[in-house]
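Per-entry structural report
Below, each chain spelled out in residue letters.
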Amino acid sequence: MIIKELDAPGYERVVYAEDSTSGLKSIIALHSTKLGPAAGGCRMFKYDSLEAATIDALRLARGMTYKNAAASLPLGGGKSVIIAEPKTDKTPELMQAFGRFVEALQGSYYTAEDVGISVEDIAEAAKFTSFAAGLTDGPYASGDPSPVTAKGVFLCMKVAAEHGLGSPDLNGKTIALQGLGHVGMHLCHYLHDAGAKIIAADINPMAINEAKERFNATIVEPDAIYAQSADIFAPCAMGASVSVPSIAQLNVKVVAGAANNQLADDNCGRLLADKGILYAPDYVVNGGGIINVAAEILKISDQSWVNGKVKQLGETTDQILRKSSDTGEFPHRVADRHVDDILAAI
Ligand code: NAI
């Protein structure tokens, strides 16, 4: 395996590995280890070029610094990408080679699942590294983080509802939910139990049927979800769904959901505020999953530690939205400053 350093100003270390036997081409980006070893999942995607993969790894690694710090975890920010098509290129050998790559960083980076990487894939990597989490077997195995992510999103959504709708009670409120995947479906469960009405969209017919049957969800076409008249829009599919065209259609008072990097760009935070829509910052709201993974990394088997940290996400959301309302600064900027202050204090 050939491992070489890449130059990336503002990042502690970015490394590229190529292994001709398994076909591995992978980048690990360490944005910051100020708070502890960097932790963040591995994404497998058929990037068009090494440059595109590097840009994605850098963006995601930085995001993890902010997410981990906002969740008060003793972990820094890092992320890895594998340049491959998950459906056709993935082999046990490829994932094992990735495990050897992670091991070569000697614990400065912990990997886990992300888009295109399953628990089985991480188990293959873990045969060659002790710095992999999100496993299903082992004394501290944390398994699928999605239910914990959904729990955190639900708690933070209630806090956002208190600020944006005047009450945390979601009974009778309408939630326009985009994406009925691992997190979205668990979120439906919480919302349904709370008495909320769900309008949902997905591109997967099986998920649509499940949401209709279990949660009495009203289903709309994927493109129609933005224009629904609802109290809250919950993006739980892909990133950048809060964009200039989607904001123009939104007919809600609050945006709070699980997706990473919801705002297509920084200006979208301002556009939401201009429209009187309250935005609950994504990396605070969706921190439940990394909290669950962190318990495994930090070898904590006490579930009350996870529950306490997830509860704290709601408190952090409350502080951010309160400060935003007091100062007029947009919530996403208040959240960034909150993390910048944590990092600057070290
Ligand atoms: P997933 O892949 O299980 O679910 C995504 C769902 O979105 C799928 O059902 C898919 O069919 C649907 N979808 C894709 N394009 C769509 C479109 N245009 N319109 C409507 N639906 C569409 O992913 P998962 O794990 O549920 O994650 C959802 C989001 O939350 C992602 O952005 C992920 O990065 C983020 N996230 C997930 C965490 C976790 O614990 N799984 C933790 C933190 C963030």
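Provided above is the structure to which this section pertains.
Overview of the structure. Predicted, not measured: the structure shown is a model, and the values here were computed from it.

The rules behind the values
Residues numbered from 1 in each chain as written. Predicted model: local features only at pLDDT ≥ 70, side-chain atom pairs only at ≥ 80, totals over all residues. Heavy atoms only, no water. Salt bridge = Lys/Arg side-chain N within 4 Å of Asp/Glu carboxyl O. Helix = DSSP H or I, 4+ residues; strand = E, 2+ residues; numbered from the N terminus. Buried < 20%, exposed > 50% of the residue type's maximum accessible area, 1.4 Å probe, protein only. Contact = heavy atoms within 4.5 Å. Core = buried A, V, L, I, M, F, W, Y, C linked by side-chain atoms within 4.5 Å. Domains from an automatic or database assignment. Phe/Tyr/Trp six-rings, centres within 6.5 Å; stacked < 30°, edge-to-face > 60°. Lys NZ or Arg CZ within 6 Å of the ring centre and 35° of its normal.

Before going further, it helps to spend a moment on the pattern of salt bridges. The full count for this structure, using the stated rule, is 13 salt bridges. Notably, a salt bridge pairs Lys90 with Asp121, separated by 2.6 Å at the nearest N-O pair. Here Asp121 lies in helix 4 (residues 119-125) and Lys90 lies in the loop between helix 2 (86-89) and helix 3 (92-104), a separation of 31 residues in the sequence. A residue is classified by how much of its surface remains accessible, and Asp121, at 9% relative accessible area, is buried. Of the charged contacts in the structure, one is a salt bridge between Glu329 and Arg337, with a shortest N-O distance of 2.5 Å. A relative accessible area of 23% means that Glu329 is categorised as partly exposed.

With that out of the way, let us pick up the environment of Thr136. Following the sequence through the fold, Thr136 ends up in the loop between helix 4 and helix 5 (146-165). Residues Thr136 and Lys46, 90 residues apart in the sequence, show an inter-C-alpha distance of 27 Å. Setting aside its immediate chain neighbours within four residues, Thr136 contacts Val119, Ala141 and Gly143.

Generally speaking, a soluble globular protein has its nonpolar side chains buried in company with each other. Ile82, Phe98, Met157, Leu177, Leu187 and Leu191 are the most contacted members of the largest nonpolar core, which has 75 residues in total. At eight residues, the largest contribution of residues to this core is made by helix 5. For this core, the domains that each give at least three residues are domain 1 (2-65 + 75-126) and domain 2 (146-344). What Ile82 contacts, discounting residues up to four positions off in sequence, is Leu24, Lys25, Ser26, Cys42, Arg43, Met44, Phe45, Tyr47, Leu94, Met95 and Phe98. Counting residues in hydrophobic clusters, the runner-up holds 18 residues, among them Ala176, Ile199, Ile225 and Leu250.

All right, on to the packing of aromatic side chains then. Overall, the coordinates contain five aromatic pairs when judged by the stated rule. Between Phe45 and Tyr47, the aromatic rings sit 5.0 Å apart at their centres with planes inclined by 70 degrees, giving edge-to-face as the arrangement. On the basis of an interplanar angle of 90 degrees and a centroid distance of 5.4 Å, the ring pair of Tyr110 and Phe131 is categorised as edge-to-face. You can see Tyr110 sitting in strand 7 (residues 109-110) and its partner Phe131 sitting in the loop between helix 4 and helix 5, a full 21 residues away along the chain. Among the residues examined, Tyr110 registers a relative accessible area of 15% and is labelled buried. Judged by its relative accessible area of 16%, Phe131 is buried. Directly above the aromatic system of Phe128 lies the positively charged group of Arg100, at a separation of 5.9 Å from the ring centroid.

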